[in-house]
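Report on the structure
Take a look at the letters that make up each chain.
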Amino acid sequence: MNQQAPIAYKPKDFATDQEVRWCPGCGDYAILKGVQKTLAEIGTAPENVVFVSGIGCAARFPYYIETYGFHTIHGRAPAVATGVKLANPDLDVWLVSGDGDAMSIGGNHMMHLLRRNIDVNYLIFNNEIYGLTKGQYSPTSRLGTRSPSTPAGSIDAPVSACGLALGAGGRFVARGIDRGQKDLPGILKAAHAHKGASFVEILQNCIVYNDGVFDGVVDKSVAGEAQIHVKHGEPLRFGADNAKGLRFNAKAMRLEVVTVGEDGVSEDDIIVHDQTNLALAQMLAAMDRPDFPVAVGVIYDNPADVTYDQAVRAQNESAKVDAKITSIDQLLRSGATWQVD
Amino acid sequence: MTNTAEIIEPSEGHREVLESVVVRFAGDSGDGMQLTGSQFTQSTALAGNDLATFPDFPAEIRAPTGTTFGVSAFQINFGARRVMTAGDQPDVLVAMNSAALKVNIGNLRRGGLIILDSGTFKERDLRKAGYDANPLEDGTLDPYQVVEIDVSKMVVESVREFGLGTRDALRCKNMWLLGLVYWLYGRDRQPSIDWLNAKFKSKPEVAAANVAALNAGHAYGETVELPGEILGYTVGPAKIDSGLYRNVAGAEALAWGLAAGTQLAELPMFFGSYPITPASSLLHTLARLKQFGITTFQAEDEIAAVCAAIGASYAGQIGVTSSSGPGIALKTEAIGLAIMVELPLVIVNSQRAGPSTGMPTKTEQSDLYQAVYGRNADSPLVVLAANGPGDCFHTAIEAVRLATKFMTPVMLLTDGYIANASEPWMIPDFSSFEKFPVTQHTETEGFEPYNRDAETLARVWAVPGTPGLQHRVGGIEKDFTSGHISYDSENHQRMTDVRHAKIDGVANFIPEQTVDQGEAGGKLAIIGWGSTYGPISRAVSNMREQGRDVAHIHLRHIWPLPRNLGDLLSSYDTVICPEMNNGQLSTVLRAEYLIDVKPLTKVEGMPFKIREIEAAIEAALDA
């Protein structure tokens, strides 16, 4: 076989001729740019990449990516993507969903995709609101969110996307930010490199219905204190001059924010991030402002020995090898038969 | 240890010769009635009789022992002539306990034979079965021939030497009674003995006990004089077409048909399903056929099952999903997506009594509207119906053929009766089946995802992994050729029209409707679909033997209807449509052809009786 030189792709090779129809200023534009950049860096041929989405603003994503794309129905993208990946495990399958699509109507499928560990990359654009249906509160909306359907404020507790993913048995869980172009391609590449289901929550600003909901995390004025960028093998430090860090309070069995050099806190007290540690991942995923910074980066990455799609393929292959009945004629004649003359 | 039948020469000379018999085995859910029935079926088939069976079991897996709601039954009709149904009324009832007698006696032919275990008529048994008085003593059984045997006691005696506890010993009761029924009809026990030895290979004492019970029951018939001078019966072999036969249940034949269809299409198959009665057996059968390029996937719910199948179709395999009415309802939105993106998909509906949960183990044909019309918007698809267990094989192949040829979902209707019932089936020669290899699109020149075949209107199937054909599809209305999102009003009209025309055009690629019995044109036609085939066929042939002018038409293609059907139906003075619903096909035919089709409906969770259809024929012709 001839060795072909790998084609070098550029982000624009993954752009379609379709006019992008998100609201001007929507966080989705930044994510689209980040994904196109990532795909070019990964370098999988466009014909071997499939984007599957459900319903919602985020779900329009496939129309703007020059790969195969399937815009399906509300909440069911994980199930459709499961079929795509099982039918052809050689494809790179990406899922794009929003907080309502993934965690409300599609919550069941999200859970099962993660626990089955199907090798797809699952991106959730979390804007804590229903955009396409004009601004109702979503399952990730903060308590008290006023919306057309909750004029007096929402009264149900929100779900934590990363916490839910870990609880469902997800083995790759990460968090990014729409405008965090420096981090996002790296997170997405790590998600792609992970063999098994990769879950990436992307905090995304809805400029029309929930503008500024993440200002307390992403605004330049607070970002240093409000975000902690987690990296495997590095101490969990954040804040101005990286002065702050996370320490494990063994007695209370929880994390606490400390300042290195104050109250006898030394650098050795700060936890070193281990992305294969589930207990740590759960604590990091649960951190929320104002008491804690929000964890950004790869929170958990602990691949299983075998993914579901690999296991399915292996069972199918061994059935072919072991089968005693290999033709339809044989099948129809298996068991008791009798001749009538 | 080998367990063999003691060879006792059947006393053929004394046996009464019968043309056909209906036997019903009934007992507790845990008594092994379905196993007993299937063993008797096998031996009956080997004896050369034609036959039809009806497994009739409750939804409860193991209801409390001895209660009426835990009674499970297996009915078999076998004869020296063609057998079309499991029989209107049992001639023989084998009752394993008092509850089984209570549930089943109502339908027994007056004068019929009851074989019962008198050991289960103690006061406590009767109370559990809901009897106020002992039916063995109060004259309830006077209209019947009754053989009372304390089977429980005899079984325990006959297996004593194997050291089983009483509880385990009593589990051999079904084999004791099977042995007696084998004697009654002069059946060979050896195949069942071989089967028991194989089944309990790892538990030789259980195998030996069961064989001993079977032999003991048989010997009892030989040696003890049964009341009413019953000396056994002979049912001669039926005249059936020559060929190689086997017994087949509908779910099994359907699975094999799907496997065969994928071979003919030369494509792998993906089967996504979620357990539901009575459709699960399809999943179980296909899960063991992976060597045929079949991937099976037990999804988290009905919706995921169909969506995964659609995903697999998108990626180039034949997506198949299966359920029963309530599950199909859940899949409906996704089926709409498959219609919109025009991908092949086979949806099997093993119908059951409804609405809602209804009666999961009872049969009905009430999802025809759901299949033909039951989606939001104008969303046509192809609907097929199998008419019996063996026909499931052929109908499944047809479903795969049409789904791939027309890039469309195809709904295949069976029902609980077809799925579970078995019948002798002449094994077809698979090499004679015409292949329909599917070609997926690879040409980049001029490619648009909604380019259509001029003849079939099917769009091209371009699957991920094909260089240069990257494109996007989805549930939003699309431009007529490019598939891009389009809200253009004229485009929507055009797309709606083409989706409609494509399904209508399927009629040009299916056979014209034939008349199953009788002639085109005449006084009366009985039109049916699905599992009513047996009773309609027998009723019409009985009536024709009496010189009545009646024909039988049976549909496999429900939507679109065969192109000549309107003219055919118009050629009769009267058309009657028996169906196990409130008149659904009748409505469809009336709407399509403005013909006054008269419904004959029944929703009792049971197939039609031959007599019921005969009565309708007589009434129509005598009116």
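The numbers attached to residues start from 1 for each chain and follow its sequence in the written order. Written order decides the labels, with chains lettered from A and ligands numbered from 1. Side-chain atom pairs in this predicted model are given and counted only at pLDDT of 80 or more, local residue features only at pLDDT of at least 70, and totals for whole chains, interfaces and linings cover all residues.

1. What about the overall build of chain B?
The test is simple: Numbering of helices and strands runs from the N terminus, with a helix taken as a DSSP run of H or I at least four residues long and a strand as a DSSP run of E at least two residues long. Just to be clear, the radius of gyration here is over C-alpha atoms, and the globule rule we use is 2.2 Å times residues to the power 0.38. Any residue with 12 or fewer other C-beta atoms within 10 Å of its own C-beta is exposed, any with 20 or more is buried, and the rest are partly exposed; the C-beta atoms used are placed from the backbone.
The number of helices and strands found in chain B is 20 helices and 22 strands. Expected size for 623 residues packed as a compact globule is a radius of gyration near 25 Å; at 27 Å, chain B falls within 12% of this value. Its C-alpha atoms give chain B principal-axis dimensions of about 85 × 60 × 50 Å. Evaluated residue by residue, chain B yields a buried proportion of 54% over its 623 residues.

2. Some remarks on the overall build of chain A
Scanning chain A from N- to C-terminus turns up eleven helices and twelve strands. Taking the principal axes of its C-alpha atoms as reference, chain A extends roughly 95 × 50 × 45 Å.

3. Some remarks on the packing of helix H17 (residues 533–545) of chain B against helix H20 (residues 610–622) of chain B
Residues and elements named next belong to chain B. Spelled out, the test is: To obtain each axis, a line is fitted to C-alpha atoms, and for helices this fit is confined to the stretch in contact; angles are then taken between N-to-C directions over 0 to 180 degrees. Relative orientations are named as follows: roughly parallel for angles under 35 degrees, roughly antiparallel for angles over 145 degrees, roughly perpendicular for angles from 65 to 115 degrees, and oblique for any other angle. For a crossing to be left-handed, the near helix must be turned anticlockwise from the far one by less than a right angle; the clockwise case is right-handed. Contact definition: two residues whose C-beta atoms, as placed from backbone geometry, lie within 7 Å. Amino acids are sorted into nonpolar (Ala, Val, Leu, Ile, Met, Phe, Trp, Tyr, Cys and Pro), charged (Asp, Glu, Lys and Arg) and polar (every other residue, Gly among them).
Axis separation between H17 and H20 bottoms out at 8 Å; the angle between their running directions is 50°. As summarised for this structure, H17 and H20 are arranged oblique, according to the angle between their axes. As H17 runs across H20, the sense of the crossing is right-handed. Contact with H17, carried on its side by Pro535, Ile536, Arg538, Ala539, Asn542 and Met543, involves Ile610, Ile613, Glu614 and Ile617 of H20 and no other residues of that element. Class assignment for the residues of the contact of H17 with H20 results in seven nonpolar, one polar and two charged.

4. Details of the sheet that holds strand S13 (residues 345–351) of chain B
Residues and elements named next belong to chain B. Going by this rule: Only strands that DSSP links by at least two bridges are regarded as paired with each other.
An order of S11-S10-S12-S13-S15-S14-S20 is seen for the seven strands of this open sheet, with the pairing classed as mixed. Either end of the sheet is taken by a strand with one partner, and the two such strands are strand S11 (294–298) and strand S20 (557–559). When strand polarity is set aside, the average angle formed by the axes of neighbouring strands in this sheet is 20°. Strand direction decides the pairing type here: strand S14 (residues 382–385) and strand S15 (residues 409–415), joined by four bridges, are parallel. Following the sheet pairing, valine 382 is matched in S15 by valine 410.

5. Details of the environment of isoleucine 503 of chain B
Residue and element names in this part refer to chain B. Topologically, isoleucine 503 is positioned in helix H16 (residues 489–505). The spatial distance from the C-alpha of isoleucine 503 to the C-alpha of alanine 458 is 9.5 Å, given a sequence separation of 45 residues. Those residues in contact with isoleucine 503, other than ones at most four positions away along the chain, are Pro380, Leu381, Val382, Thr408 and Pro560.

6. What to know about the sheet that holds strand S7 (residues 145–149) of chain B
Residue and element names in this part refer to chain B. Sheet architecture is open: six strands sit in the order S3-S4-S2-S5-S6-S7, paired in mixed fashion. In the strand order of this sheet, the two ends are held by strand S3 (50–56) and S7, each with one partner. Direction aside, neighbouring strands of the sheet carry axes that sit 15° apart on average. Looking at chain direction, strand S2 (residues 20–28) and strand S4 (residues 71–79) are connected through nine bridges and run antiparallel.

7. Some thoughts on the interface of chain A and chain B
The interface of chain A with chain B comprises 48 residues on the first partner and 54 residues on the second. Elements with a minimum of two residues in the side of chain A that touches chain B: strand S2 (68–71), helix H2 (77–87), helix H4 (107–116), helix H10 (308–322), helix H11 (328–332) and strand S12 (337–340) of chain A. Here the side of chain A that touches chain B gets eight residues from one element, more than from any other, and that element is H2 of chain A. For the side of chain A that touches chain B, the per-class residue count stands at 23 nonpolar, 18 polar and seven charged.

8. Remarks on the nonpolar core
Going by this rule: The nonpolar core criterion groups buried Ala, Val, Leu, Ile, Met, Phe, Trp, Tyr and Cys residues into a set whenever they are joined through C-beta atoms within 7 Å.
Counting 279 residues, the largest nonpolar core has Val84, Val173 and Ile299 of chain A together with Ala26, Ile310 and Leu412 of chain B as its most contacted members. With ten residues, helix H11 (residues 302–314) of chain B is the single largest residue contributor to this core. Contacts of alanine 26 of chain B, omitting those with residues within four sequence positions, involve Met33, Val71, Ala73, Leu93, Val94, Ala95, Met96, Ala100, Val103 and Asn104 of chain B. Of all hydrophobic cores here, the second largest spans five residues; its members include Ile129, Tyr130, Tyr137 and Tyr209 of chain A.

9. Overview of the environment of glycine 131 of chain A
Residues and elements named next belong to chain A. Mapped onto the elements, glycine 131 comes out in the loop between strand S4 (121–126) and helix H5 (161–167). Considering only alpha carbons, one finds glycine 131 and histidine 232, 101 residues apart in sequence, at a separation of 35 Å. Here glycine 131 is in contact with Gly56, Cys57, Cys206, Val208 and Tyr209, once residues within four sequence places are set aside.

10. Describing the environment of glycine 319 of chain B
Turning to its location among the elements, glycine 319 of chain B is positioned in strand S12 (residues 318–323). Take glycine 319 of chain B: there are 29 C-beta atoms within 10 Å of it, and that puts it in the buried class. For the pair formed by glycine 319 of chain B and alanine 309 of chain B, sequence separation is ten residues and the distance between their alpha carbons is 4.3 Å. With residues up to four places along the chain from it excluded, the contact list for glycine 319 of chain B reads Gly83 of chain A together with Phe270, Ala309, Ile310, Ala312, Ser313, Pro344 and Leu345 of chain B.

11. Brief notes about helix H6 (residues 184–193) of chain A
Residues and elements named next belong to chain A. As a reminder of what qualifies: Think of the arc as the fan of directions from the helix axis to the C-beta atoms.
Listed as buried for H6 are Leu184, Pro185, Ile187, Leu188 and Ala191. In an axial view of H6, the angular spread of the buried residues amounts to 160°, which keeps them on one side of the axis. In this fold, the buried residues of H6 make contact with helix H1 (27–42), S4, strand S5 (172–177), strand S6 (198–203) and strand S11 (294–301).

12. Quick word on the packing of helix H1 (residues 33–46) of chain B against helix H6 (residues 173–184) of chain B
Residue and element names in this part refer to chain B. Between H1 and H6, whose axes approach to 10 Å, the crossing angle comes to 25°. With respect to their mutual orientation, H1 and H6 come out roughly parallel. H6 is crossed by H1, and the crossing has right-handed handedness. Contacts between H1 and H6 pair Met33, Leu35, Thr36, Gln39, Phe40 and Ser43 from the former with Asn174, Leu178, Val181 and Tyr182 from the latter. Each residue belonging to the contact of H1 with H6 can be placed in one class, and the counts come to six nonpolar, four polar and no charged.

13. Examining unusual backbone geometry
Glycine aside, a negative phi is what most residues show, and trans is what most peptide bonds show. Residues and elements named next belong to chain B. For the bond from glycine 354 to proline 355, the omega torsion is 5°, close enough to zero to count as cis. Examined against the element boundaries, proline 355 turns out to sit in the loop between S13 and helix H13 (368–373). Of the consecutive residues tryptophan 559 and proline 560, the connecting peptide bond is found in the cis state with omega at -5°. Here proline 560 is to be found in the loop between S20 and helix H18 (565–570). The phi dihedral of glutamate 266 is positive, around 60°, even though this residue is not glycine.

14. Describing H11 of chain B
All names here are of chain B. Put simply, the rule reads: A helix is expected to span 1.5 Å for every residue after the first.
The terminal C-alpha atoms of H11 lie 18 Å apart, and with 13 residues this matches the ideal 18 Å at 1.5 Å per residue to within 8%. H11 sits mainly inside the fold: 13 of its 13 residues count as buried. Of the residues flanking the end of H11, it is glycine 316, one or two places downstream, whose phi is positive at about 110°.

15. Structural notes on the pairing of strand S22 (residues 598–601) of chain B
Residues and elements named next belong to chain B. Counted only if it meets this: Call a crossover right-handed when, viewed with both strands pointing away from you, the route from the first strand across the helix to the second goes clockwise.
Of the strand pairs in this sheet, strand S21 (residues 572–579) and S22 are connected by four bridges, and their pairing is parallel. In the sheet register, proline 578 faces S22, and the bridge partner there is leucine 600. On the question of chirality, the crossover connecting S21 to the parallel S22 by way of helix H19 (residues 584–593) is right-handed.

Shape is all these values report; function is a separate question.
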